Amino acid sequence: MRITRVDEIGTVTGESSANRTGHRFGVYGTDLGIPWDNGQGEVLVAFGDSYGARWAGHGTPKDGADWRCNVLTVSTTTDLAGGLALDPLVTRPDGTADQFLPRDPAARKENTVIPTTGINAGGVDYVHYMSVRDWGRPGQWRTNYAGIAVSDDHGRSWRKPDAARWPNRRRRDHPFQMGAFVPDGDHVCLVGTPNGRFGSASLARVDPARVSDVDAYEYWTGRRWVAGDPYAATPVFAGPVGELSVRHNKFSDSWLALYLDEGRAAIVLRQAAALTGPWSEPVTVVSGADHPGLYGGYLHPWACDGRELYFTMSLWGPYHVTLMRAILDTEG
């Protein structure tokens, strides 16, 4: 597969964006922008660490900048060529965006709580999130655990069941601390990676009615599915894999995986006929040479079936999210 063209559609977050998320959302700086369809004619879009009016760049103390570990927005935009319109979904009394995934009061050390993927299955919305213990060196953060949050009202309220967690070992090598949910036939699959941006991608699956039951997951070993042991999973493609998005593309009749490759300093794309692989070699979609400090790369669920792929991309320097468009050429 070849990418024939990439366009920057427009900035999604920040006071200078069309959404004016500063005064409308109380969000002057944020990242990620993870979209999924909630089955109600809406796309929910989750963001990571978000800051208010006193935010002045990455040197700002978190307690002085209206810091929220995460926020959630909603969109009904169908014509993405004109941009991605957002409204805050989980809000405070003044209408600005509130944190939708709470901190863990029992965690001995928890820096933040970051969403990594979302899905609607059987009318219930699920978010896979990570409890970040510390950020460490660039791209090498450590997690306490990964968990699954649940919403029964289309994203308006959330709970974090204590049992819906995959603890990270002292070696910090659990293979599903970050991930990408994707429906596949009779299952919901989770393409997962360890904490940080340098691990490989592994595959798990679960009954759609049991997404929040971590004991119900099966893991792909390269030959068969094994229940109950995430460490039995064999990578389906090699790292370094950063923030990951996986969706099926009807135009190419294949699965697409979009993610940050730290080695290339680029957002790259892989292709496979089946989630179990084999996966193609990565192709550069957006280079850090053109967009310094890029990361993320989350495919929009309403615009990933044809030749045009729309996705959100984060930039570290301005700490904002941008909507991008890539054009596929399967002849290449």
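Treat the numbers as computed from the prediction; the structure is a model and nothing was measured. (Residues numbered from 1 in each chain as written. Predicted model: local features only at pLDDT ≥ 70, side-chain atom pairs only at ≥ 80, totals over all residues. Heavy atoms only, no water.)

Sheet architecture is open: four strands sit in the order β6-β7-β8-β9, paired in antiparallel fashion. The open sheet terminates on both sides in strands that have one partner only, identified here as β6 (112-121) and β9 (165-167). With strand direction ignored, the average angle separating the axes of adjacent strands in the sheet is 15°. In this sheet, strand β8 (residues 142-151) lies alongside strand β7 (residues 124-134) in antiparallel orientation, the contact comprising nine bridges. Each bridged residue has a counterpart across the sheet, and for Tyr 126 the counterpart in β8 is Val 150. (Pairing = 2+ DSSP bridges. Helix = DSSP H or I, 4+ residues; strand = E, 2+ residues; numbered from the N terminus. Axes fitted to C-alpha atoms, helices over the stretch in contact; angles between N-to-C directions.)

Turning our eyes to something else, we now look at the sheet that holds strand β10 (residues 178-184). Taken together, five strands build an open sheet; the order of strands is β10-β11-β12-β13-β14 and the sheet is antiparallel. Each edge of the sheet is formed by a strand with only one pairing partner; in this case those strands are β10 and β14 (225-227). Strand-to-strand twist in this sheet, taken as the mean axis angle between neighbours without regard to direction, amounts to 30°. As defined by bridge partners, strand β11 (residues 187-193) adjoins strand β12 (residues 202-206) across five bridges and the pair is classed as antiparallel. When the sheet's bridge partners are listed, Val 191 is paired in β12 with Leu 203.

So, on to the environment of Asp 162. Its location among the elements puts Asp 162 in the loop between β8 and β9. Asp 162 sits 98 residues away from Leu 260 along the chain, and the two C-alpha atoms are 30 Å apart. A polar side-chain atom of Asp 162 sits 3.3 Å from a polar atom in the side chain of Arg 165. (Polar contact = N/O pair within 3.5 Å; in protein donor to acceptor, adjacent residues only side chain to side chain.)

For a regular strand, the rule is simple: side chains alternate between the two faces of the sheet. With six of seven residues buried, β11 is to be regarded as a mostly interior element. Pairing geometry for β10 and β11, over seven bridges, is antiparallel. Within the sheet, the bridge partner assigned to Gly 179 lies in β11 and is Gly 192. Between β10 and β11, which pair antiparallel in sequence order, lie two residues; one of them, Gly 185, sits at a positive phi of approximately 65°. (Buried < 20%, exposed > 50% of the residue type's maximum accessible area, 1.4 Å probe, protein only.)

Turning our attention to the environment of Thr 30. With respect to the secondary-structure elements, Thr 30 resides in the loop between α1 (21-25) and β2 (32-37). Taking the relative accessible area as the measure of exposure, Thr 30 reaches 1% and is therefore buried. It is 6.6 Å that separates the C-alpha atoms of Thr 30 and Phe 47, two residues lying 17 residues apart in sequence. Aside from chain neighbours lying at most four places away, what touches Thr 30 is Thr 13, Phe 47, Gly 48, Asp 49, Ser 50, Tyr 319, His 320 and Val 321. At a separation of 2.7 Å, a polar atom in the side chain of Thr 30 contacts the side chain of Ser 50. (Contact = heavy atoms within 4.5 Å.)

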